[in-house]
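Architecture and fold: a report
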Amino acid sequence: MKYKYNTVLLKLSGEALKSEKEIYNKDKLEDIAKQIVELATNGLKLGIVIGGGNIWRGKLGTDIDMPQINADYMGMLATVMNGLALESTIKRLGYDKVNVYSSLPIETVTDDYNFKRARLKMNEGYISIFVGGTGFAYFTTDTNSVIRAIEIDADAVLMAKNGVKGVYDSDPNKNPKAKFYAKLTHHEIAEKQLRVMDLTAATLAKDAKLPIEVFDMQGKNNIIKVMEGSLESTIIEE
Ligand SMILES: Nc1ncnc2c1ncn2[C@@H]1O[C@H](COP(=O)(O)OP(=O)(O)O)[C@@H](O)[C@H]1O
Ligand SMILES: O=c1ccn([C@@H]2O[C@H](COP(=O)(O)OP(=O)(O)O)[C@@H](O)[C@H]2O)c(=O)[nH]1
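Bear in mind the structure is a predicted one, so any value in this text is a computation, not a measurement.

Observations regarding the UniProt feature "binding site: UMP" (unreviewed entry) in the protein
Per the UniProt annotation, the sites labelled "binding site: UMP" (unreviewed entry) are Gly52, Asp72, Thr134, Gly135, Phe136, Ala137, Tyr138, Phe139, Thr140 and Thr141. Separation in sequence by 90 residues is not matched in space for these annotated residues, since their most distant C-alpha atoms are only 14.3 Å apart. With respect to the element layout, Asp72 can be found in helix H2 (residues 68-92). Setting aside chain neighbours within four positions, we find Asp72 in contact with Gly58, Ala137 and Tyr138. By the element assignment, Thr140 lies in the loop between strand E4 (127-131) and helix H4 (141-151). In this structure, Thr140 is in contact with Thr134 and Asp198, ignoring residues within four places of it in sequence.

Some details on the sheet that holds strand E8 (residues 183-185)
Sheet architecture is open: eight strands sit in the order E3-E4-E2-E1-E5-E9-E10-E8, paired in mixed fashion. With one partner strand each, in any of the chains shown, strand E3 (98-102) and E8 form the two edges of the open sheet. Sheet twist, expressed as the average angle between the axes of neighbouring strands with direction ignored, equals 20 degrees. As judged from the six bridges shared by strand E1 (residues 7-12) and strand E2 (residues 45-50), these two strands associate in the parallel manner. Among the inter-strand pairings, Thr7 is bridged to a residue of E2, identified as Lys45. Strands E1, E2, E3 and E4 of the sheet are contacted by H2, whose axis makes an angle of about 160 degrees with E4. Docked against the sheet, H4 engages E1, E2, E4 and strand E5 (156-161), running at close to 170 degrees with respect to E1.

Quick word on the site of ligand 1
Among the 14 residues in the neighbourhood of ligand 1, the closest are listed as Ser13, Lys161, Tyr168, Asp171 and Asn173. Contact distances for ligand 1 include 2.9 Å between an oxygen atom and a side-chain N or O atom of Ser13. At 2.8 Å, a backbone N or O of Tyr168 approaches a nitrogen atom of ligand 1. In the complex, the protein chains occlude 80% of the 570 Å² of accessible area that ligand 1 would expose alone. By residue class, the composition of the shell around ligand 1 is four nonpolar, five polar and five charged.

Some thoughts on the nonpolar core
If you look at the biggest cluster of nonpolar residues, it comprises 38 residues, and the most contacted ones within it are Leu10, Leu12, Ile36, Leu86, Ile90, Ile127 and Met227. If you list the elements that add at least two residues to this core, you get E1, helix H1 (26-41), E2, H2, E3, E4, E5 and helix H7 (222-228). Counting residues per element, this core draws most heavily on H1, which supplies seven residues. With near-sequence residues (within four places) excluded, Leu10 lies in contact with Ile36, Leu46, Gly47, Ile48, Val49, Leu158, Ala160, Phe215 and Ile223.

Some thoughts on the UniProt feature "binding site: ATP" (unreviewed entry) in the protein
In this structure's numbering, the residues bearing the UniProt feature "binding site: ATP" (unreviewed entry) are Lys11, Leu12, Ser13, Gly14, Gly53, Arg57, Asn162, Tyr168 and Asp171. Maximum C-alpha separation among the annotated residues is 24.4 Å over a sequence range of 161 residues, too wide for a single clustered spot. Looking at where Gly53 falls in the secondary structure, it is placed in the loop between E2 and H2. For Gly53, a relative accessible area of 17% corresponds to the buried category. By the secondary structure assignment, Tyr168 is in strand E6 (residues 167-168).

Some details on unusual backbone geometry
Located in the positive-phi region is Gln193, a residue other than glycine, with phi close to 50 degrees. When you line up the elements, Gln193 lands in the loop between helix H5 (186-191) and helix H6 (199-207). If you check the backbone angles, Asn221 has positive phi at about 55 degrees while not being a glycine. Structurally, Asn221 can be placed in the loop between strand E9 (212-216) and H7.

Here is what the cut-offs are and how they apply
Residues numbered from 1 in each chain as written. Chains lettered and ligands numbered in written order. Predicted model: local features only at pLDDT ≥ 70, side-chain atom pairs only at ≥ 80, totals over all residues. Heavy atoms only, no water. UniProt positions renumbered as here; feature names shortened; annotations may be inferred. Helix = DSSP H or I, 4+ residues; strand = E, 2+ residues; numbered from the N terminus. Contact = heavy atoms within 4.5 Å. Pairing = 2+ DSSP bridges. Axes fitted to C-alpha atoms, helices over the stretch in contact; angles between N-to-C directions. Near = heavy atom within 4 Å. Polar contact = N/O pair within 3.5 Å; in protein donor to acceptor, adjacent residues only side chain to side chain. Areas by Shrake-Rupley, 256 points an atom, 1.4 Å probe, with all protein chains shown as cover. Nonpolar A, V, L, I, M, F, W, Y, C, P; charged D, E, K, R; others polar. Core = buried A, V, L, I, M, F, W, Y, C linked by side-chain atoms within 4.5 Å. Buried < 20%, exposed > 50% of the residue type's maximum accessible area, 1.4 Å probe, protein only.

Rendered as structure tokens:
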């Protein structure tokens, strides 16, 4: 196997699909899908959680006096749209073995999810795209990523960021002197209150002893490079 991992859960933010003017940018969708197809074709077992941030986030609900629970379900539905956009792009590139599993029961456009079926299909080379978040308000897709990673018995969660190469001691976009960490323990994430994922997700990953690799997906073939171990990133483990 040419990759560091056999099975991974790749977390993509919805932001990765958008451009300045479009919620879906064809080149960005295609670039991500091409890398995913190459990885799957070469035998990497891939589960993907996609966020909804290019379309909607629950916190925007306050701007329109909407209760958070309603706003959160809108956000979860946004992740379904993103999953379908990614699925059709992957299929358009000729890789048909893709399942979109939704935490929300939308059987007309998504597959029924249970972890045993996902594992079985992934062993047959199917890519699993997990949408709908956890299906519960007050969570984010970071938590959903850790849950799905545990369920598919992933070796790690690969957390793709937009424009930062990993975890720093403070926000590198605000503090040019922020110190980069190549390695961190789960304990340090909590102890130093490093903002890489929400606390629920970080706690769950720590309890499950699940490694997390944080990397910048904005770079040529960075998703492939991080799987090959040739990209500078932050690895969070025991
Ligand atoms: N300790 C930190 N290490 C890295 N990035 C941080 C940190 N604290 C804040 N950030 C900021 O968090 C941003 C990523 O936020 P997030 O909501 O996870 O974005 P994404 O949509 O890329 O997942 C980074 O672009 C960075 O500006
Ligand atoms: O389990 C979940 C996952 C997501 N969301 C909602 O869906 C939005 C989009 O998800 P997220 O912000 O994680 O997307 P990303 O930032 O990764 O694009 C969130 O803001 C939440 O409002 C939710 O309520 N429960």
